[in-house]
Amino acid sequence: MNRAHLEYSQKRNYIRMKVDAPIDVTIESQNTSIKGVCRNISGGGMLITIDRALPVGAELTVMLVSLHGHNPRLKAKTVVVRVEADPSGNYTLGVKIKQMLS
């Protein structure tokens, strides 16, 4: 199916890839690291689940850890663009990738 036939809500610049992989999140303003799960990733951002709410606009450095020990790991500077609480008491963050790091 070509993009013209997709519903408007599904027209994106990048395809999302489901990963459900561990991710290390560093909150830049607090110089604090926490563990989370990256639910999906695209060329423009990620969906991350963590155990605390962060404000929209918070800057994070994230490192996606391979479940199979592969290197290099994905490391990026990101900014929180969306926060949602889920029933389990965790928070889902939509983050935009600002810069890829090596």
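**Student:** Would you explain the pairing of strand β5 (residues 74–85) in this entry?
**Tutor:** Remark: a regular strand shows side chains that alternate across the two faces of the sheet. In terms of strand pairing, strand β4 (residues 59–64) meets β5 through 6 bridges, oriented antiparallel. Counted as the bridge partner of Val 62 is Ala 76 from β5. Here β5 runs beside strand β6 (residues 91–101); their pairing, made up of 10 bridges, is antiparallel. Within β6, the position partnered with Arg 82 by the bridge is Gly 94. In sequence, β5 turns back onto β6 through a hairpin of 5 residues, with Gly 89 there showing a positive phi of about 95°.

**Student:** How should the pattern of salt bridges be read in this particular structure?
**Tutor:** Any two side chains of opposite charge can pair if their charged atoms end up close together. What the rule picks out here adds up to 6 salt bridges. One salt bridge connects Asp 24 with Lys 35, and the closest N-O pair in it is separated by 2.8 Å. Residue Asp 24 is located in strand β1 (residues 17–27), and its partner Lys 35 is located in strand β2 (residues 32–41); the two are separated by 11 residues in the primary sequence. The salt bridge involving Arg 52 is made with Asp 51; its shortest N-O contact spans 3.3 Å. One network of salt bridges, in which partners are shared, links Lys 18, Asp 20 and Arg 39.

**Student:** Can you help me understand the sheet that holds β4 in this one?
**Tutor:** Strands pair in a sheet through their backbones, by hydrogen bonds, and they do so in one of two ways: parallel or antiparallel. Read once around its circumference, the closed barrel built from 6 strands follows the order β1-β2-β3-β6-β5-β4, with strand pairing classed as antiparallel. Here the strands of the sheet are splayed against their neighbours by 45° on average, with no regard to which way each runs. Pairing analysis gives 4 bridges linking β2 to strand β3 (residues 45–50), with the strands arranged antiparallel. Within β3, the position partnered with Asn 40 by the bridge is Leu 47.

**Student:** Would you mind showing me how to read the nonpolar core here?
**Tutor:** Soluble globular proteins: nonpolar side chains tend toward being buried together. Core analysis: the biggest nonpolar cluster contains 20 residues, and Ile 23, Val 25, Met 46, Ile 48, Leu 60 and Val 62 have the highest contact counts within it. With 4 residues, β1 is the largest single contributor of residues to this core. Residue contacts for Val 25: discarding those within four places in its chain leaves Thr 32, Ser 33, Ile 34, Ile 48, Ile 50, Leu 60, Thr 61 and Val 62.

**Student:** Would you explain the pairing of β4 in this entry?
**Tutor:** When β1 meets β4, the two strands line up antiparallel, connected through 5 bridges. Looking at the pairing, Ile 23 lines up with Leu 64 of β4.

**Student:** In this structure, what is going on with the side chain of Ser 42? I would like to understand it.
**Tutor:** Within the secondary structure, Ser 42 sits in the loop between β2 and β3. In contact with Ser 42, other than residues within four places in its own chain, are Tyr 14, Ile 15, Arg 16 and Ile 97.

**Student:** Would you mind showing me how to read unusual backbone geometry here?
**Tutor:** Trans peptide bonds make up most of the peptide bonds, and negative phi angles are found at most residues other than glycine. Its identity is not glycine, yet Asp 20 carries a phi of approximately 45°, on the positive side. Looking at the secondary structure, you find Asp 20 in strand β1. Under the relative-accessibility criterion, Asp 20 is labelled partly exposed at 30%. Look at Asn 31: it is not a glycine, yet its phi comes out positive at around 50°. When you line up the elements, Asn 31 lands in the loop between β1 and β2. Under the relative-accessibility criterion, Asn 31 is labelled exposed at 66%.

What counts and what doesn't
- Residues numbered from 1 in each chain as written.
- Predicted model: local features only at pLDDT ≥ 70, side-chain atom pairs only at ≥ 80, totals over all residues.
- Heavy atoms only, no water.
- Pairing = 2+ DSSP bridges.
- Helix = DSSP H or I, 4+ residues; strand = E, 2+ residues; numbered from the N terminus.
- Salt bridge = Lys/Arg side-chain N within 4 Å of Asp/Glu carboxyl O.
- Axes fitted to C-alpha atoms, helices over the stretch in contact; angles between N-to-C directions.
- Core = buried A, V, L, I, M, F, W, Y, C linked by side-chain atoms within 4.5 Å.
- Buried < 20%, exposed > 50% of the residue type's maximum accessible area, 1.4 Å probe, protein only.
- Contact = heavy atoms within 4.5 Å.

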